[in-house]
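Structure at a glance
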Amino acid sequence: MFPQPLPFSHALRVLVKAPIATRQSNRSSLSLWYRMASTNANVWGLQDPSLIKYQSYIDGKWVSAKEGGTILVTNPATGEELGTVPEMGLEEAKSAIAAAGNAFASWGKTTARHRHDILMKFYNLMREHNDDLARIITLENGKTLTEAKGENAYSASFMEWYAEEAVRIYGEHIPSPFTNIRNVVIKQPVGVVSILTPWNFPSAMITRKLGAALAAGCTAVIKPPPETPFSALALAELSRRAGVPDGVINIVTTQKNVIEVGREMCENKIVRKISFTGSTPVAKSLYGMAASTLKKVSIEAGGNAPFIVFDDADIDQAVEGAILCKFRGSGQTCVCANRIYVQSSVYAAFASKLAEKVTAFKVGNGLDETTTHGPLIHERAISKVVRHVEDAVSRGAQVLVGGKRVDGAGTFFAPTVLSEVPAGALSNFEETFGPVAALTKFETEEEVIALANNADVGLAGYFFSRDVGRVWRVAEALEVGMVGTNTGMISHATIPFGGVKESGLGREGGHGITEYLNQKLITFGGL
Ligand code: SIN
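All of these numbers come straight from a predicted model, not from anything done at the bench.

Rules used in this analysis
Residues numbered from 1 in each chain as written. Predicted model: local features only at pLDDT ≥ 70, side-chain atom pairs only at ≥ 80, totals over all residues. Heavy atoms only, no water. Helix = DSSP H or I, 4+ residues; strand = E, 2+ residues; numbered from the N terminus. Contact = heavy atoms within 4.5 Å. Areas by Shrake-Rupley, 256 points an atom, 1.4 Å probe, with all protein chains shown as cover. 1 Å grid on protein atoms, 1.4 Å probe; cavity = no way out; pocket = protein on both sides within 12 Å on 5 of 7 lines; lining within 4 Å. Points joined across faces, edges and corners; volume = space filled by probe spheres on them. Nonpolar A, V, L, I, M, F, W, Y, C, P; charged D, E, K, R; others polar. Pairing = 2+ DSSP bridges. Axes fitted to C-alpha atoms, helices over the stretch in contact; angles between N-to-C directions. Near = heavy atom within 4 Å. Polar contact = N/O pair within 3.5 Å; in protein donor to acceptor, adjacent residues only side chain to side chain. Sits in = over half its atoms within 2 Å of the grid points. UniProt positions renumbered as here; feature names shortened; annotations may be inferred. Parallel < 35°, antiparallel > 145°, perpendicular 65-115°, else oblique. Expected span 1.5 Å × (residues − 1). Buried < 20%, exposed > 50% of the residue type's maximum accessible area, 1.4 Å probe, protein only. Arc of directions from axis to C-beta.

Looking at the overall build of the chain
Along the backbone of the chain there are 15 helices and 22 strands. A principal-axis box enclosing the C-alpha atoms of the chain has dimensions of 80 × 65 × 40 Å. Contacts in the chain between residues far apart in sequence, at least 24 positions, make up 75% of those at least 6 positions apart. In the form shown here, the chain has an accessible surface area of approximately 20900 Å², with 56% of it arising from carbon and sulfur atoms.

Quick look at the structure:
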């Protein structure tokens, strides 16, 4: 089946109309179209190729950029070109926000049952297209098909969870101190929401926000990352099939114009809430922009999670936990263990069991069934991992496994275990966001809690211990939003996902719908 490449008529139109300065990039878009048309028999290999869209989605229409610019998306496992999406700018961001504003007038008044039914249709469509949606994730993000199927199931579960939440947006009656007064609180959707998401979960980070927004009665403008826009566009197509009306969901793809588009999404008066997942520095800048109109803000930012193994832990269980939370997505999640602290008496056993398991990993193209771990997203990600490994080694750490880039096409880094990483190493202060397990020895509970809390951020933390007293003490002492005790996996649609300190504001999943609702007091007087 032939994929839909750049719309040819549009490419010709912009080429003729564009000023000379922009024709160069238009010409390359056109040549890309020819290249794809002539060489790309089926880069996607989907059962339903119409899930692949090469245009943004605004007010229920598939649209190209007015200036004709495009963003090239490549497969990180092979470097192969997957296609292009439009380089949208300020004008398109404004029209997406206006469309969401207009759609809110009716979507915000629909019944909760109606929104429940549409979200359930959306959920069922995501399940029905599981194989295709997973394949899109693997091709643009690199994670293995098994992980991508897991992500799609996780992503769809937010739609189901929030469908069920929609019908439970209850209000409250508050007893009045006066006999002739009654107070009632109702909950109303906040309005238009700007959603800005990262590439590490191309689908789930969207639905975690969008599901809550739609269920509450809000409309949305979504800016997906330039590395993985196709999952977002496939979701838009499924939303259309599920019956989400025009303008309720809008997708604006952008890369070069990200600063002006992002600013508009955070400052435009029509937008009443921002939900962002990404790095702490970007989060701070968006938070500042949102302040100009005092919008509601939800932020899930960087993690740098501590992972602690106490001497009373089940070591095999701790190794399994470390594998799960350190190497999920090849180490590219905000909740990945970043600093692994192991008590001295069990250090050697833990390090050798972990190294043995990591040696057995098979790095490769995520489409290959035998692959256990995919590539990193791009060259910048590789450079950061290299910097962290070199820094640790220069300070005396030993490489037990891996430690270098994998030669060949694609952006692969060998799954790595570093031993005796000193406290001053970079990886103790910055998220590595790669497949590097950095092990540090500790002696006492007090010492390790101080080490774990010595961070500006606090998203997730993990520890392994079978002492019930210690479990309570350490869980309470860790300065993080989420603690995994004797498990390396905490994520689920039902839990309040979010952090403390510079890891963010608000919670997603669980009761996260409240972040998309305003409380309104109605006082009935003169009774
Ligand atoms: C993230 O990496 O930001 C999200 C991870 C998760 O939901 O488990």
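Some points on empty space enclosed by the protein
In the structure shown here, the tally under the stated rule is 7 cavities of 30 Å³ or more. Considered as a void within the structure, the second largest cavity measures approximately 90 Å³ in volume. Residue lining of the second largest cavity: 13 residues in total, with Phe-201, Met-205, Arg-208, Val-335 and Phe-497 positioned closest to the centre. Class assignment for the residues of the lining of the second largest cavity results in 6 nonpolar, 4 polar and 3 charged.

Quick notes on the sheet that holds strand E22 (residues 517–524)
Taken in spatial order, the 3 strands make up an open sheet running E5-E6-E22, and their pairing is antiparallel. Of all strands in the sheet, those with a lone pairing partner are strand E5 (172–174) and E22, marking the two edges. Averaged over neighbouring strand pairs, the angle between their axes works out to 25° when direction is ignored.

A short note on the site of the ligand
By nearness alone, 13 residues border the ligand, and Tyr-154, Glu-300, Arg-328, Cys-334 and Ser-491 come closest of all. A distance of 2.7 Å is found between an oxygen atom of the ligand and a side-chain nitrogen or oxygen belonging to Tyr-154. Contacts to the ligand include Asn-200, whose side-chain N or O atom sits 3.1 Å from an oxygen atom. Here the ligand, which alone exposes 260 Å², has 100% of that area covered by the protein. Under a 2 Å grid-point criterion requiring more than half of the atoms, the pocket assigned to the ligand is the second largest cavity. When grouped by side-chain class, the residues that make up the shell around the ligand number 6 nonpolar, 4 polar and 3 charged.

So, the UniProt feature "domain: Aldehyde dehydrogenase" (unreviewed entry) in the chain
Look at the UniProt record and you will see "domain: Aldehyde dehydrogenase" (unreviewed entry) annotated at residues 62–521. Across residues 62–521 one finds 40% helix and 21% strand; the C-alpha atoms that close the span lie 40 Å apart.

A short note on the UniProt feature "active site" (unreviewed entry) in the chain
Those places that UniProt annotates as "active site" (unreviewed entry) correspond, in this numbering, to Glu-300. Examined against the element boundaries, Glu-300 turns out to sit in strand E11 (residues 296–300). Beyond its immediate sequence surroundings of up to four residues, Glu-300 is in contact with Met-205, Arg-208, Phe-276, Thr-277, Gly-278, Cys-334, Leu-459, Phe-497, Ser-503 and Glu-508.

Details of the packing of helix H6 (residues 145–166) against helix H7 (residues 204–216)
The contact between H6 and H7 brings their axes to 8 Å, and the two run at 10°. For the element pair H6 / H7, the angle class is roughly parallel. Contact residues: H6 offers Glu-151, Tyr-154, Ser-155, Phe-158, Met-159, Tyr-162 and Ala-166, while H7 offers Ala-204, Met-205, Thr-207, Arg-208, Leu-210, Gly-211, Ala-212 and Ala-215. For the contact of H6 with H7, the class distribution of residues is 10 nonpolar, 3 polar and 2 charged.

So, helix H3 (residues 90–107)
Its 18 residues place the ends of H3 25 Å apart at the C-alpha level, agreeing with the 26 Å of an ideal helix rising 1.5 Å per residue. Residues of H3 that are buried: Glu-92, Ala-93, Ala-96, Ile-97, Ala-99, Ala-100, Ala-103 and Trp-107. Buried residues in H3, looked at end-on, bunch into an arc of 160°, giving them a common side. Along H3, the residues that are exposed and aim more than 90 degrees away from the buried face are Glu-91 and Asn-102.

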